[in-house]
Amino acid sequence: MVKLKIPKECINKGFLDSRFGRHSSEILNGIPQRSFPLEWWDYPGVTKSFSVIFIDYDNYMEEGFPWLHWCVANIPVEINSLDENCSLFINDIDSRIIQGKNSWISCLPKYNLECNRYGGPSPESFSHEYTIVILALNSFLDLKDGFYYNDFIKAINCKLLDAGVIQVKYMA
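For the structure given in this document, a descriptive report is provided here.

Cut-offs and rules
- Residues numbered from 1 in each chain as written.
- Predicted model: local features only at pLDDT ≥ 70, side-chain atom pairs only at ≥ 80, totals over all residues.
- Heavy atoms only, no water.
- 1 Å grid on protein atoms, 1.4 Å probe; cavity = no way out; pocket = protein on both sides within 12 Å on 5 of 7 lines; lining within 4 Å.
- Points joined across faces, edges and corners; volume = space filled by probe spheres on them.
- Helix = DSSP H or I, 4+ residues; strand = E, 2+ residues; numbered from the N terminus.
- Nonpolar A, V, L, I, M, F, W, Y, C, P; charged D, E, K, R; others polar.
- Pairing = 2+ DSSP bridges.

**So, the layout of surface pockets**
Piece 1. Quantified by volume, the largest pocket comes out at close to 200 Å³.
Piece 2. Around the largest pocket, the lining comprises 13 residues; the ones closest to its centre are Asn59, Glu63, Trp67, Ser122 and Glu124.
Piece 3. For the lining of the largest pocket, the elements supplying multiple residues, two or more each, are α1 (60-63), β8 (67-76) and β11 (128-137).
Piece 4. When the residues that make up the lining of the largest pocket are grouped by side-chain class, the tally is five nonpolar, four polar and four charged.

Structure representation (structure tokens):
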């Protein structure tokens with residue numbers, strides 16, 4: 001299993017630090033903008049690329065569906081971490097890396113740029129537990145920047161080598 005972690009300086013009393021969600025000062029069109037750093041290791045030697053998913057299944061209790069906060073694809077195998085706030089400049093890291101639409105698209109116009117990158121946690125009535133998944137893949141995905149999650153799921157078919165999962169909470 002691929003191992004992953006958020007650096008401990010980004011966790012405060014068991015919760016993802018406030019700067020990565022609704023309590024941040026970095027909000028644009030109601031969407032928290034600062035992405036958290038992430039590191040991963042222990043992946044298969046034949047891995048060609050990675051994908052990262054950040055999703056809130058606790059959102060079912062508030063809105064009736066899980067909330068996709070971030071989906072990153074085509075991270076080359078040479079890269080085994082994402083820096084804090086990298087979502088805003090991810091193409092500067094490597095031009096092959098792409099980001100999909102997040103669930104904030106349900107609140108904003110379809111072509112809003114903030115919907116094509118990290119959109120941080122914003123639980124309203126209770127603290128939520130979020131799932132972060134790293135996928136090790138045997139190739140790059142044939143997707144374009146701003147892809148939809150359903151297309152991502154189809155694209156990883158028969159390409160998944162291994163995965164790792166962690167959970168993190170964010171304060172309401």
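Still to come is the rest of the account.
**Focus: the sheet that holds strand β9 (residues 81-82)**
Piece 1. In space, the three strands of this open sheet follow the order β1-β6-β9, with antiparallel pairing throughout. Two strands close off the open sheet at either side, each with one partner strand: β1 (3-5) and β9.
Piece 2. One ladder, built from three bridges, connects β1 with strand β6 (residues 38-41); its direction is antiparallel. Bridging from a neighbouring strand, Lys5 pairs with Glu39 of β6.

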